[in-house]
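Inside the fold
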Amino acid sequence: MPRPKVLITHSLFEPARKALDEKCDTEYWTAATHIPRAELLMRVADKDALICLLTEKVDEELLSKAPRLRIAATVSVGYDNLDISACTHHKVAATNTPGVLDDTTADTAWMIMMAAARRLSEAETWLRSGTWPGWDLDQLCGADIWGKTLGIVGFGRIGREMARRAKGFRMRTLYHDAARVGSEIESKLAAEFVSFDRILFESDFITLHVPLTAQTHHLFGTKTFAQMKPTAYVVNTSRGPVVDEAALLEAIKSGKIAGAALDVFEFEPKVSPELLALKNVVVTPHIGSASLETRTKMALVAADNVIALFEGRRPPTLINPEVLAGQTATSS
Ligand code: DGY
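Residues numbered from 1 in each chain as written. Predicted model: local features only at pLDDT ≥ 70, side-chain atom pairs only at ≥ 80, totals over all residues. Heavy atoms only, no water.

What follows is about the domain arrangement of the chain. For interface size, the figure often reported is the accessible area lost on association. You can read the domains of the chain as domain 1 (5–100 + 292–324) and domain 2 (102–283). With centres defined by C-alpha atoms, the gap from domain 1 to domain 2 works out at 32 Å. Contacts between the two partners involve eight residues from domain 1 and, on the opposite side, five residues from domain 2. Buried area between domain 1 and domain 2, summed over both chains or domains, comes out near 550 Å², and the portion from carbon and sulfur atoms is 45%. Taken together, domain 1 and domain 2 are joined by one salt bridge. For Asp-80, the salt bridge is made with Arg-239, and the minimal N-O distance between the two is 3.0 Å. Applying the counting criterion to the domain 1 and domain 2 interface returns two residue pairs in polar contact (both at pLDDT 80 or more). Of the residues contributing to the side of domain 1 that touches domain 2, the split by class is three nonpolar, four polar and one charged. (Domains from an automatic or database assignment. Contact = heavy atoms within 4.5 Å. Buried area = accessible area lost by both parts, 1.4 Å probe. Salt bridge = Lys/Arg side-chain N within 4 Å of Asp/Glu carboxyl O. Polar contact = N/O pair within 3.5 Å; in protein donor to acceptor, adjacent residues only side chain to side chain. Nonpolar A, V, L, I, M, F, W, Y, C, P; charged D, E, K, R; others polar.)

In structure tokens form, the structure reads like this:
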């Protein structure tokens, strides 16, 4: 059987590269900048598999130009970059990388939440500027996290990791999701299922862990912010468009909420200069899963999905299993 031809839109960490190179004919995009769309469309045309990043769209246009393509593997847990129904229509398996980045992403959310509450960016900027006059009683007083109420929107793996951390900080944890989890999980994580409105009214910190879908687009907007406490913070490590950035800016500037901690932005990589100018907003450049250990694992999961398909196994993190019904994977 000929080796499958795989396009990888970024150089991968060594263990993933090794695994792929052993079994496939690989072509990597290694330039420092992301692969331009035209280049992606051209290079994918004769490939059996694509390993891509969340910045690359796998849509009808791409799929119709890649007649041999059998699998599109995104190196991310969020897969809003993959048009799943188009993939299924073209009989292309779609995979993501769940399960390996939960702790690292929850750590990031926790880190920026604390940074916002305790005014870390502001404090560090002051110190580095060389103008700090020394300790004073009412200087840089932020808000405590411990003992407060954490509202978790989206109670999947990462949301649950937030609840686990909240226990250590003696926080009260509320969560909201489309479905309630079992009582065993709730009591283990000391998390209470409440309505979306109660999350808004009662939380001191609201952290978002939902995928980006038509339903979650602008889930947080003018109306939502108006229902939050004026002392509350919103934390977003999910996807930028879950928050209406203009509405967030207005809510913070008018004091409807106290501030925000953002790792993702509505128009990435563009970030509103007005948002950047606000002292009570902590920003990081989409580093939720960015530890070397975790990113290496994510690359390995993507590689393993591709290898599995061409070895006739079910890709471990397949999103659209219907594409495999009654099929065995072979490269032509
Ligand atoms: C993901 O995996 O979806 C993150 O946004 C990047 O880690």
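Turning to the site of the ligand, a few remarks are in order. Inspection of the region around the ligand gives Leu-54, Ser-76, Val-77, Gly-78, Leu-101, Arg-239, His-286, Ser-289 and Met-298 as its neighbouring residues. A distance of 2.8 Å separates an oxygen atom of the ligand from a polar backbone atom of Gly-78. Between the ligand and His-286 there is a distance of 2.7 Å, counted from an oxygen atom to a side-chain nitrogen or oxygen. Per-class residue counts for the shell around the ligand are four nonpolar, four polar and one charged. (Near = heavy atom within 4 Å.)

All right, on to the sheet that holds strand β4 (residues 71–74) then. Pairing within the open sheet is parallel, and its five strands lie in the order β2-β1-β3-β4-β5. The two strands at the open ends of the sheet, each matched to only one other strand, are β2 (25–28) and β5 (93–95). Pairwise comparison of adjacent strand axes, ignoring direction, gives a mean angle of 15 degrees for this sheet. Contacts from helix α1 (residues 14–23) reach β1 (5–8), β2 and β3 (49–52) within the one sheet, and its direction differs from that of β2 by about 135 degrees. Running over the sheet, helix α2 (residues 37–44) touches β1, β2 and β3 and is turned about 170 degrees from β1. (Pairing = 2+ DSSP bridges. Helix = DSSP H or I, 4+ residues; strand = E, 2+ residues; numbered from the N terminus. Axes fitted to C-alpha atoms, helices over the stretch in contact; angles between N-to-C directions.)

Here the focus is the pattern of salt bridges. Evaluated as defined, the whole model comprises 26 salt bridges. One salt bridge connects Arg-164 with Glu-161, and the closest N-O pair in it is separated by 3.1 Å. Pair noted here: Arg-164 and Glu-161 are both in helix α7 (residues 157–168), with a separation of three residues, about one helical turn. For Glu-161, a relative accessible area of 10% translates into the label buried. Within this structure, Lys-5, Glu-27, Glu-39, Arg-43, Asp-46 and Lys-47 form a network of salt bridges that share partners. (Buried < 20%, exposed > 50% of the residue type's maximum accessible area, 1.4 Å probe, protein only.)

Here we come to α2. Along α2, the residues that are buried comprise Leu-40, Leu-41 and Val-44. Within α2, the buried residues cover an arc of 95 degrees as seen down the axis, which keeps them to one side. Across α2 from its buried face, at more than 90 degrees, point the exposed residues Ala-38 and Met-42. The secondary structure elements touched by the buried residues of α2 are β1, β3 and α3 (60–64). (Arc of directions from axis to C-beta.)

Another aspect to go through is the environment of Ile-152. For Ile-152, the location among the structural elements is in strand β6 (residues 149–153). Taking the C-alpha atoms as reference points, Ile-152 and Lys-188, 36 residues apart in sequence, are found 16 Å from one another.

Okay, the environment of Arg-43 next. With respect to the helices and strands, Arg-43 occurs in helix α2. For Arg-43, a relative accessible area of 24% corresponds to the partly exposed category. Contacts of Arg-43, omitting those with residues within four sequence positions, involve Leu-7, Glu-27, Trp-29 and Ile-35. Separated by 3.2 Å, the side chains of Arg-43 and Glu-27 make a polar contact.

Between Glu-268 and Pro-269 the backbone carries a cis peptide bond, its omega angle lying at 5 degrees. Position of Pro-269 among the secondary structure elements: in the loop between β11 (259–262) and α12 (273–276). Not every positive phi belongs to a glycine, and Arg-170 is a case in point at roughly 50 degrees. Its location among the elements puts Arg-170 in the loop between α7 and β7 (172–176). One non-glycine residue, His-218, adopts positive backbone phi at about 55 degrees. Position of His-218 relative to the elements: it lies in the loop between β9 (205–208) and α10 (222–227).

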